[in-house]
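Chain by chain, the residues run as shown.
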Amino acid sequence: MLSRVLSKQSCAACKFCCSFRRQSLWETPLFPPEVVEKLSKPNEYGIVGEFATVETPQGPSAGRLVLEDKFRTDDPEEEVPCTFLDPHKGCILKAEDKPFDCSIWPLRVMNKGGELVIALTPTCPTIGATPRPELIALLKNGLGAKIFEYAKTHPYIIKEYREGFPDYLSLAREQ
Ligand code: SF4
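Residues numbered from 1 in each chain as written. Predicted model: local features only at pLDDT ≥ 70, side-chain atom pairs only at ≥ 80, totals over all residues. Heavy atoms only, no water.

**Digging into the pattern of salt bridges**
Stage number 1. Evaluation of the coordinates by the stated rule reveals 10 salt bridges.
Stage number 2. R108 serves as the salt-bridge partner of D101, at 3.6 Å between the closest nitrogen and oxygen. This pair shows no difference in class: D101 is buried, exactly as R108 is.
Stage number 3. Ionic pairing is found between D101 and K159, a salt bridge with its closest N-O pair at 3.7 Å. Of this pair, D101 sits in helix α3 (residues 100–104) while K159 sits in strand β10 (residues 159–160), and the two are 58 residues apart along the sequence. Here the two residues D101 and K159 agree in accessibility, since each one is buried.
Stage number 4. One network of salt bridges, with partners in common, ties together E27, D101, R108 and K159. (Salt bridge = Lys/Arg side-chain N within 4 Å of Asp/Glu carboxyl O. Buried < 20%, exposed > 50% of the residue type's maximum accessible area, 1.4 Å probe, protein only. Helix = DSSP H or I, 4+ residues; strand = E, 2+ residues; numbered from the N terminus.)

Here is the structure:
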């Protein structure tokens, strides 16, 4: 979805967003129930994932990939790769099985004091922490509406706003 501003080659060489420290486990991808059903038993990828159910007040529940038991040290800097990350090929999942969260990273839908916003995770090594005009244009030309629409039907992707995440697009401001 962001291929105009983030090349597949950059992502393949980096994989930063597919590995997690303990403090970034809140970012672990959330999978829709039908994909959880498929990936939590033997499947075409040959890898079975472990998921915890995330309930939402309204809308469908989701499956959060469980990585907590993969850490081998007490080092807070230790990173654990996503279960579906191949160290050479990158993400092994087909587009239809890849979480929406992953396809829009480093963007995030967040609840900022009751207002829905699209914010930028400031740690993406390629995009950086400063809002870029071409990404803002992409959001205003349809991608933002698509992300908000998905968030309405899959509210589990909405995260609480975090300080330091530049707010790119506010739903209220766009309406
Ligand atoms: S599902 Fe794929 S894109 Fe998402 S974190 Fe895992 S390896 Fe990365």
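And the narrative resumes.
**Quick look at the nonpolar core**
Stage number 1. Counting 27 residues, the largest nonpolar core has L2, L107, L135, L139 and I147 as its most contacted members.
Stage number 2. At the level of elements, α3, β8 (107–112), β9 (115–120), α4 (133–153) and β11 (167–170) are the ones that each hand at least two residues to this core.
Stage number 3. If we skip the residues at most four places from it in the chain, L139 touches L107, I118, G144, A145, I147, Y168 and L169.
Stage number 4. Membership of the second largest hydrophobic core comes to 16 residues, among which are L25, F31, C82 and F84. (Core = buried A, V, L, I, M, F, W, Y, C linked by side-chain atoms within 4.5 Å. Contact = heavy atoms within 4.5 Å.)

**Overview of the site of the ligand**
Stage number 1. For the ligand, the full set of nearby residues is C18, P29, C82, F84, L85, C91, L93, P99 and C102.
Stage number 2. By residue class, the composition of the shell around the ligand is nine nonpolar, no polar and no charged. (Near = heavy atom within 4 Å. Nonpolar A, V, L, I, M, F, W, Y, C, P; charged D, E, K, R; others polar.)

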